[in-house]
Amino acid sequence: MKIIPNRILAVFACIFLFFASSAQDVKNVDVKTVPQQDIKKAQQAMQDAGLSVDDAADLARQRGATEQQINDFRNRITEEGTGDAVISDPVEEASELVEEQQDVERSTRSAGFETRGRIFGAYLFNSKNLTFEPRLNIQTPKTYEIGIGDQLLIHIWGNSQNDYQLNVNSNGQINIPDVGPVYIAGLTFNAAEEKIKSRLTEIYSDMGGNNPGTFAQVNMGQLRSIQVNLVGEVVTPGTYTLPVTATVFNGLYLSGGPNNIGSFRNIKVIRDNKIEKVIDIYQFLVSADPTDNIVLKDGDILFIPPADKRVEVKGEFKRNGIFELKEGDMLNDLIRFTGGFTENAYLARTQVLRKTQQGQQIIDVRYDQMATTPLLNGDVVSNAKILESFANRITIAGAVYRPGEYEWTEGLTLSQLILKADSLTADAFQSRGMITRYNPDLSTSTIAFSVAEIAEGSKDIVLQPEDMVLIKSHFELKEQQYISVDGEVLQPGQFNWSDRLTLGDAIFLAGGFTEGADSTFIEIARRLSYTEAAALSDTVGHIIVANLSRKLTIGENDADLQLQPYDHISVRRAPNYRQGETAFISGEITYAGPYSISNKQLRISDLVTMAGGITPQAYLAGATLERYSEELGAERVAIDLATILENPRSEKDLFLNNGDRLSIPEFMQTVKITGNVQNPFSITYQSGKNAKYYIDRSGGFDSNAKRKKTYVRYPNGETAVTKGVVFKRYPEVTPGSVVVVPEKPEKQPGESGRWLAIASAIASLTVSIATIVNLTN
């Protein structure tokens, strides 16, 4: 239930304090003559009370002030140039302040992402994944300090319901309707909440007491922004607008953090012209301690001075780089910053390289001196690896079950080491092993031993540190033994030799015989024995001819033919074995197609007879034979089919080969002229005419024709050339022939001079011969 407060008269009295000094009755006050300082006091009282000029005028009327007095008071304020600019509506002013805060654009990062060398900690503010973004959507801490521009949300429920959205104005107040201004700036949220609830009991009478009926809840709404200045050795110095919840790390991230010479351990937060906090970022980097990451306030200055002392660290430390030290830090503190030594570090000595005015000097620091060893600016601290040499290592390799490195102990023998390696393998070479041992000057010496004697215990050798024992497999000491099979087998190739391998086993490994294999004539080529090879002789090998069952059955003959390493087995083809052989005939023949060659004596005439003979349209002079051979490939064989059919089984009647193709064309009526003639084309055949006739019919030779090389290619593949030097005899032409006129070869540079030189030499020789003849006569 709301009530009207009784303190409004007190507010009025505060506003018009100057009346009390002028007159007892308000109506008797002459506003025009009131001193200016009293006008200013009245204005200040109105501002503190959060009243506008109109509100003050209403209060004055209630106290009996006349309209003339109120107008005079307005004029006095206006004459001084203050008016409503000073005594403004507190609600409107707070709303405008919040809008202004909301319109302020908060700063974003403008610095690039650079690691800036090897400076430890530089990555902290140069990572896209670690932004230190302030958390805004969290419950307001009870210790949060209320400031100008903050927004408070008040929710009333119970017997009375209401909601307030109030903003802290420039005077640090919120104006609660029917309650008036409440000054809360600078209070913690917890204290402000208590004060607001206490003031609300003035208009909600059942809110207080032991059994309240009305309740209030206070929450923070829109939070204000603050401005912070980052100066000194900053990547991007300047003024940054941040959320009110922003911390030191937020500001450092937006500015890029300390620059190349900036300190990470002496960052000062200056507040109200005093050093509020000195930040040491190493506490966060090394120990994840966020204590120094305090919340910033409006107007704070973050000052980053240059680093006073920096030391470079390299070698066997978990972190290498450049570290900053504070006064009093020792070498062990630096090592703590690096994360400690690596597992390979040589702890007995850490080295410090120091620059002095006299030059550089090296300081060796023992492990127990680190806590008392101070460092200077520019020092370089390094630590070397422990040596990779072993003090008690021994090695065994080769034909043992577990080769590798083992512990050497005083008095360890070779036989004991072999037992450590789970003994010798079955293929161990028994005649010799070898120990490689380091001499005092680190050169090596070799100790040979009998593996068999060590194994049976008749001898033993005492080992020394770093001895390397090698026992080889007997397979490593000889060529890989094999046999080879080729010829009429399905899978010819090389195969591993093994003891008691027989000829039948070898054919079995090669996939067995082909259909054309002659199993009664198998040749085995064998190397000479070691003894035979050592003596000079014309014999270079042995040839063994054997026969074997095609079914590879195991018998006495198979057992007798045991093979030796490197035997070469050749399986021959049966002498009369032939795969299906075929000859083809096409063209002007009664039954064209393929025909099997059943006898080696079959000839071309036999093929024509088997095909039913030629047709009446057959042009025998144009018949051709195509034959394929592995040496020459496909080739065309010139034949005279007419002569062959007239004289079968003559020399010209060739034997047939597998794949032969006999083609008999239809009678041809044209002759083709090609090459270097004026108009190459085909002409109707004229009986009895030679090549010159057809060349003339095509326009004659052109300028590049090599006339004396003109030739005729007949339909059966034969060729006839032009003969004669002065009087040329051109070859005869038959139907279907091709007259070819070749081109002159291009003249090479200097060729004419060469012929001139030859002519000159001949002339000189002629003159010389004539002179000799004259002298003789």
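1. A short note on a nonpolar patch on the surface
On the surface, Tyr438, Leu442 and Met468 cluster together into a nonpolar patch covering about 300 Å² of accessible area. Within the element layout of this structure, Leu442 appears in the loop between strand S18 (433-438) and strand S19 (444-449). Residue Leu442 is classed as exposed on the basis of its relative accessible area of 65%.

2. Focus: helix H8 (residues 189-200)
With twelve residues, H8 extends 16 Å from end C-alpha to end C-alpha; this agrees with the ideal 16 Å at 1.5 Å per step. Of all the residues in H8, the buried ones are Phe189, Ala192, Glu193, Ile196, Arg199 and Leu200. The buried residues of H8 all sit within an arc of 135° when viewed along its axis, so they share a single face.

3. Concerning helix H9 (residues 248-255)
Along H9, eight of the eight residues are buried, which leaves the element largely enclosed by surrounding structure. Every buried residue of H9 is accounted for by Val248, Phe249, Asn250, Gly251, Leu252, Tyr253, Leu254 and Ser255. The positive-phi residue at the C-terminal boundary of H9 is Gly256, with phi of around 90°.

4. Examining the sheet that holds strand S26 (residues 582-587)
If you trace the five strands from one edge of the open sheet to the other, you get S27-S26-S30-S28-S29, paired in mixed fashion. Taken across any chain shown, the strands that pair with only one partner, and hence form the sheet edges, are strand S27 (593-596) and strand S29 (633-638). Direction aside, neighbouring strands of the sheet carry axes that sit 25° apart on average. Relative to S27, S26 is paired through four bridges, and the arrangement is antiparallel. From the neighbouring strand, Thr582 faces S27, where its bridge partner is Ser596.

5. Observations concerning the packing of aromatic side chains
Taken as a whole and assessed by the stated rule, the structure comprises eleven aromatic pairs. With a centroid separation of 6.5 Å and 65° between ring planes, the pair formed by Phe120 and Tyr123 is classed as edge-to-face. Taking the relative accessible area as the measure of exposure, Phe120 reaches 6% and is therefore buried. Taking relative accessible area as the criterion, Tyr123 reaches 44% and is therefore assigned partly exposed. Plain terms: the ring middles of Tyr619 and Phe667 are 5.2 Å apart, the flat faces sit at 80° to each other, and that makes the pair edge-to-face.

What counts and how
- Each chain carries its own residue numbering, running from 1 in the direction its sequence is written.
- Local features in this predicted model are restricted to residues of pLDDT 70 or higher, and side-chain atom pairs are both shown and tallied only at a pLDDT of 80 or more, whereas totals for entire chains, interfaces and linings draw on every residue.
- Hydrogens are left out, water is left out, and the side-chain values use all remaining heavy atoms of the structure.
- Patch membership is restricted to residues that have no salt bridge and whose relative accessible area is over 30%. Joining uses 9 Å for like charges and 5 Å for the nonpolar side chains Val, Leu, Ile, Met, Phe, Trp and Tyr.
- Using the Shrake-Rupley algorithm and a 1.4 Å probe, accessible areas are obtained, with residue cover drawn only from the displayed protein chains.
- Salt bridge, as applied in this entry: a Lys or Arg side-chain nitrogen positioned within 4 Å of an Asp or Glu carboxyl oxygen.
- Secondary structure is summarised from DSSP: a helix means a run of H or I of at least four residues, a strand means a run of E of at least two, and numbering begins at the N terminus for each.
- Relative accessible area decides the class of each residue, using a 1.4 Å probe on protein chains only: under 20% of the type maximum gives buried, over 50% gives exposed, and in between gives partly exposed.
- Helix span is expected to be 1.5 Å times the residue number reduced by one.
- The arc in question is formed by the directions pointing from the helix axis toward the C-beta atoms.
- A pair of strands is treated as paired once DSSP finds two or more bridges between them.
- Only the contacting stretch of a helix is used when fitting its axis, a line to C-alpha atoms as for every element, and angles between N-to-C directions run 0 to 180 degrees.
- Planes of paired rings set the category: under 30 degrees apart is stacked, over 60 is edge-to-face and the rest tilted, where pairs are Phe, Tyr or Trp rings (Trp by its six-membered ring) whose centres lie within 6.5 Å.

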